[in-house]
Amino acid sequence: RVLSCLHSYCVQCITKLHIEDTTFIICPTCNHSTTLPTGRVTSLPRNIRLSQETKLDTVLSKVTSSSSPCDSCDENSPIAYCTECDQLLCNVCWDAHQKLKLLRSHSSFSLKEAENMSRDRLIKMLPSSYFSSSFLSRTCPYHDDQTLDLYCQQCNIPVCIKCSGISHKDHPVHQVSQQIIQNKEEIQQNLIVIHLAQQNLKNVMIAGEEMKEKINAHKIEVDTTIR
């Protein structure tokens, strides 16, 4: 979780720092005081980036570890990893995995391939869902029993239904899915503008090169006439 001083700690550590019957926490790094929104440690916002990196490290460690057994049968040594099931699979289970109609389309790779891969290469092998906030959690940081299904257009952040009636009361909100579509359309429009700007720049550069060639040719012509 993130404190107001922007230092991050796991929930277990912050819980140890929290003095019972108080509504604040003192950061052990800078001694800054952070007020707990609802008096609970879990009400502090998540450090999404750090959580993402931690999860990725766990996955990468699992893939590169030689001591883990097959996640499916718990018996044989794994030879492959299914990125969508997040499972290490032995030869028998991987073969069955590829034959089942519901699972054969899953993205997977052999552990032998992973042995010589760099971290960046391994990350590229993971599906894009590993890098989205839904891969971590869509739970509201202030209300653990609610999901972030709404989007506050005034604050430009996803909120839960409880937040929309409390801290975002009277703010214009709509469904997150609607906002995603809107953002996608805006990105596509921006890409079109960027593409046109790139084409215009290319045309200007071509015209500049043509003008340069004409100037050089004219210079040569003048030099020849003078001689």
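Predicted model only: the values in this text are computed from it and were never measured.

A. Spatial organisation of the side chain of histidine 168. Mapped onto the elements of the fold, histidine 168 is located in the loop between α7 (161-165) and β8 (173-175). The residues contacting histidine 168, other than those within four sequence positions of it, are Cys152, Cys155, Ile157, Val159 and Cys163.

B. Up close: the pattern of salt bridges. All chains considered together, the criterion is met by two salt bridges. For lysine 99, the salt bridge identified is with aspartate 95, shortest N-O distance 3.2 Å. With a gap of four residues between them, lysine 99 and aspartate 95 both fall in helix α3 (residues 91-99), about one helical turn apart. Taking relative accessible area as the criterion, aspartate 95 reaches 37% and is therefore assigned partly exposed. A salt bridge links aspartate 223 to lysine 219; the shortest N-O distance between them is 3.3 Å. Placement of both aspartate 223 and lysine 219 in helix α8 (residues 176-226) is noted, with a separation of four residues, approximately one turn of the helix. Residue aspartate 223 is classed as partly exposed on the basis of its relative accessible area, which comes to 29%.

C. Here's a closer look at α3. Of all the positions in α3, only Cys93, Trp94 and His97 are classed as buried. The buried side chains of α3 occupy one side of the element, clustering within an arc of 100 degrees when seen end-on. Away from its buried face, by an angle of more than 90 degrees, α3 presents the exposed residues Asn91, Val92 and Lys99. In this structure, the buried side of α3 is in contact with β3 (80-82), β4 (87-89) and β5 (108-110).

D. Here's a closer look at a nonpolar patch on the surface. Among the surface-exposed residues, Ile187, Leu191 and Ile194 lie close enough to one another that they form a single nonpolar patch of about 290 Å² accessible area. Mapped onto the elements of the fold, isoleucine 194 is located in helix α8.

E. Region of interest: the side chain of histidine 106. With respect to the secondary-structure elements, histidine 106 resides in the loop between α3 and β5. For histidine 106, a relative accessible area of 19% translates into the label buried. Ignoring anything within four residues of it in the chain, the contact list for histidine 106 reads Cys82, Glu84, Cys85 and His97.

Reading the values: the criteria
Residues numbered from 1 in each chain as written. Predicted model: local features only at pLDDT ≥ 70, side-chain atom pairs only at ≥ 80, totals over all residues. Heavy atoms only, no water. Helix = DSSP H or I, 4+ residues; strand = E, 2+ residues; numbered from the N terminus. Contact = heavy atoms within 4.5 Å. Salt bridge = Lys/Arg side-chain N within 4 Å of Asp/Glu carboxyl O. Buried < 20%, exposed > 50% of the residue type's maximum accessible area, 1.4 Å probe, protein only. Arc of directions from axis to C-beta. Patch = residues over 30% accessible without salt bridge, like charges linked within 9 Å, V, L, I, M, F, W, Y side chains within 5 Å. Areas by Shrake-Rupley, 256 points an atom, 1.4 Å probe, with all protein chains shown as cover.

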